[in-house]
Amino acid sequence: MNGLFSRIEAMLARERRFTDDAAHELRTPLAVLRAQWDVLKRATGEAERQQAAARLDAGMDRMDRLVTQMLALSRLETTDSLPQPRPVAWPAIVEQAMSDVLPLAERRHIELDCLWPPHGQPALPLQGDADLLTVLLRNLLDNAVRYADDGSTVTLRFDASRLAVENDGTPLPEDIRTRLGERFHRVAGQRESGSGLGVSIVQRIAKLHGLGLS
């Protein structure tokens, strides 16, 4: 009974923490969307209206991304193991993940590239959940594209023991790297929008598949 009560208490604490964080994080983008909508309604000229509409679209994209990330994180918070792991077919996962980040890559004129092992060598053999691994890969690629230089290349590289996502962005200082994975934590002064949830989701999915993130 004590063990049961401890698990229930941990579950409730986890849910309260997630609810508090989510409520805090959603407050700002909702207020921004409201302000952007008010600007759009008051716009007089066509140029002003188009500019306001573009800002509203960007705000809605950010809200959509945040809610998607939060739902994924909520699902992973209550999962301790994969229910039905199956052999992973990486090509289909890569195709979907790259399709998801392609609009952002095109906006920043960034080329997406995938390098597979030489013929006859495996690409990270794994038993897992294809949907979760698509989320993992999409988050890694999304971060790489957001913080790469305009007009550069983001490369996904496979070998027999790992996958790597590479860009030519400025390496992060140690004090920032140690905080990667903290929910809703973002470094001040970022040009690109984000929710601060992507690395947390990647870490959780990686752990469920017996992988590590570095």
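Parameters and conventions
Residues numbered from 1 in each chain as written. Predicted model: local features only at pLDDT ≥ 70, side-chain atom pairs only at ≥ 80, totals over all residues. Heavy atoms only, no water. Helix = DSSP H or I, 4+ residues; strand = E, 2+ residues; numbered from the N terminus. Buried < 20%, exposed > 50% of the residue type's maximum accessible area, 1.4 Å probe, protein only. Contact = heavy atoms within 4.5 Å. Core = buried A, V, L, I, M, F, W, Y, C linked by side-chain atoms within 4.5 Å. Axes fitted to C-alpha atoms, helices over the stretch in contact; angles between N-to-C directions. Left-handed = near helix turned anticlockwise from the far one by under 90°. Nonpolar A, V, L, I, M, F, W, Y, C, P; charged D, E, K, R; others polar. Pairing = 2+ DSSP bridges. Phe/Tyr/Trp six-rings, centres within 6.5 Å; stacked < 30°, edge-to-face > 60°. Parallel < 35°, antiparallel > 145°, perpendicular 65-115°, else oblique. Salt bridge = Lys/Arg side-chain N within 4 Å of Asp/Glu carboxyl O.

Colleague: Outline the overall build of the chain, listing residues and values.
Modeller: Along the chain, the regular secondary structure elements total six helices and five strands. In sequence order, the secondary structure elements of the chain are arranged as α-α-β-α-β-β-α-β-β-α-α. Within the chain, the fraction of its 214 residues that count as buried is 37%. Sequence separation of at least 24 residues holds for 71% of the intrachain contacts in the chain that already meet a minimum separation of 6.

Colleague: An account of the environment of L76 is requested, with residue identities and associated values reported.
Modeller: Relative to the assigned elements, L76 resides in helix α2 (residues 46–77). Residues L76 and L208, spaced 132 residues apart in sequence, show a C-alpha to C-alpha distance of 8.9 Å. If sequence neighbours within four positions are ignored, L76 has contacts with L132, I201, R204, I205 and L208.

Colleague: So what's going on with the nonpolar core? Which residues, and what values?
Modeller: Side chains of nonpolar character tend, in soluble globular proteins, to be buried together. Counting 36 residues, the largest nonpolar core has W90, L137, L141, V154, L156, F158 and I205 as the members making the most contacts within it. Elements represented by at least two residues in this core include exactly α2, α3 (90–107), β2 (111–115), α4 (130–146), β4 (153–158) and α6 (198–208). Formed by five residues, the second largest nonpolar core is a distinct cluster that contains L40, A52, L56 and M63.

Colleague: I'd like a rundown of the packing of α3 against α4, residues and numbers included.
Modeller: Interaxial distance between α3 and α4 falls to 9 Å at its minimum, and their mutual angle equals 35°. Considering only the axes of α3 and α4, their crossing is right-handed. Seen from α3, the contacting residues are W90, I93, V94, Q96, A97, M98, D100, V101, L104 and A105; seen from α4, they are A130, L133, T134, L137, R138, L141, D142, V145 and R146. A class-by-class count of the residues in the contact of α3 with α4 yields 13 nonpolar, two polar and four charged.

Colleague: Residues and numbers for the sheet that holds strand β5 (residues 163–166), please.
Modeller: Within a sheet, adjacent strands bond to each other through the backbone by hydrogen bonds, running parallel or antiparallel. Spatially, three strands are ordered β2-β4-β5 in an open sheet, and the strand pairing comes out mixed. Each edge of the open sheet carries a strand with a single partner, namely β2 and β5. Recorded for the sheet is a direction-independent mean angle of 10° between the axes of neighbouring strands. For β2 and β4, the ladder comprises five bridges, and the chain directions are parallel. When the sheet's bridge partners are listed, L112 is paired in β4 with V154. Sitting on the sheet, α3 touches β2, β4 and β5, and the angle it makes with β2 is about 165°.

Colleague: Could you give an account of the packing of aromatic side chains, naming the residues involved and the relevant values?
Modeller: The full count for this structure, using the stated rule, is two aromatic pairs. Plain terms: the ring middles of W90 and F158 are 5.2 Å apart, the flat faces sit at 55° to each other, and that makes the pair tilted. In this pair, W90 sits in helix α3 while F158 sits in strand β4, placing the two residues 68 residues apart along the sequence. Three or more aromatic residues link up through ring pairs in this structure, and these residues are W90, W116 and F158.

Colleague: Let's hear about the pairing of β5: which residues, and what values?
Modeller: Note: β4 against β5, four bridges, orientation antiparallel. Note on β5: the bridge partner recorded for R157 is A164. Counting the residues that bridge the hairpin from β4 to β5 gives four residues.

Colleague: Tell me about the packing of α4 against α6, and name the residues and values.
Modeller: The geometry of α4 relative to α6 is characterised by a closest axis approach of 9 Å and an angle of 140° between their N-to-C directions. As the angle between them shows, α4 and α6 are arranged oblique. In this structure, the crossing between α4 and α6 has a hand that is left-handed. In this structure, α4 contributes L132, L133, V135, L136, N139, L140 and N143 to the contact, and α6 contributes G198, V199, I201, V202, I205, A206 and L208. Considered class by class, the residues forming the contact of α4 with α6 number eleven nonpolar, three polar and no charged.

Colleague: So what's going on with the pattern of salt bridges? Residues and values would help.
Modeller: As enumerated under the stated definition, the model contains eight salt bridges in all. One salt bridge connects R49 with E46, and the closest N-O pair in it is separated by 3.1 Å. With R49 and E46 both in helix α2 and three residues apart, this pair spans about one turn of that helix. You can call R49 partly exposed: its relative accessible area is 33%. In this structure, the salt-bridge partner of D100 is R138, at a minimum N-O distance of 2.9 Å. Separated by 38 residues along the polypeptide, D100 in helix α3 and R138 in helix α4 bring together distant segments of the chain. Bridged by salt links that share partners, the residues R34, D38 and K41 form one connected network.

Read these as layout, nothing more, since geometry by itself doesn't imply function.
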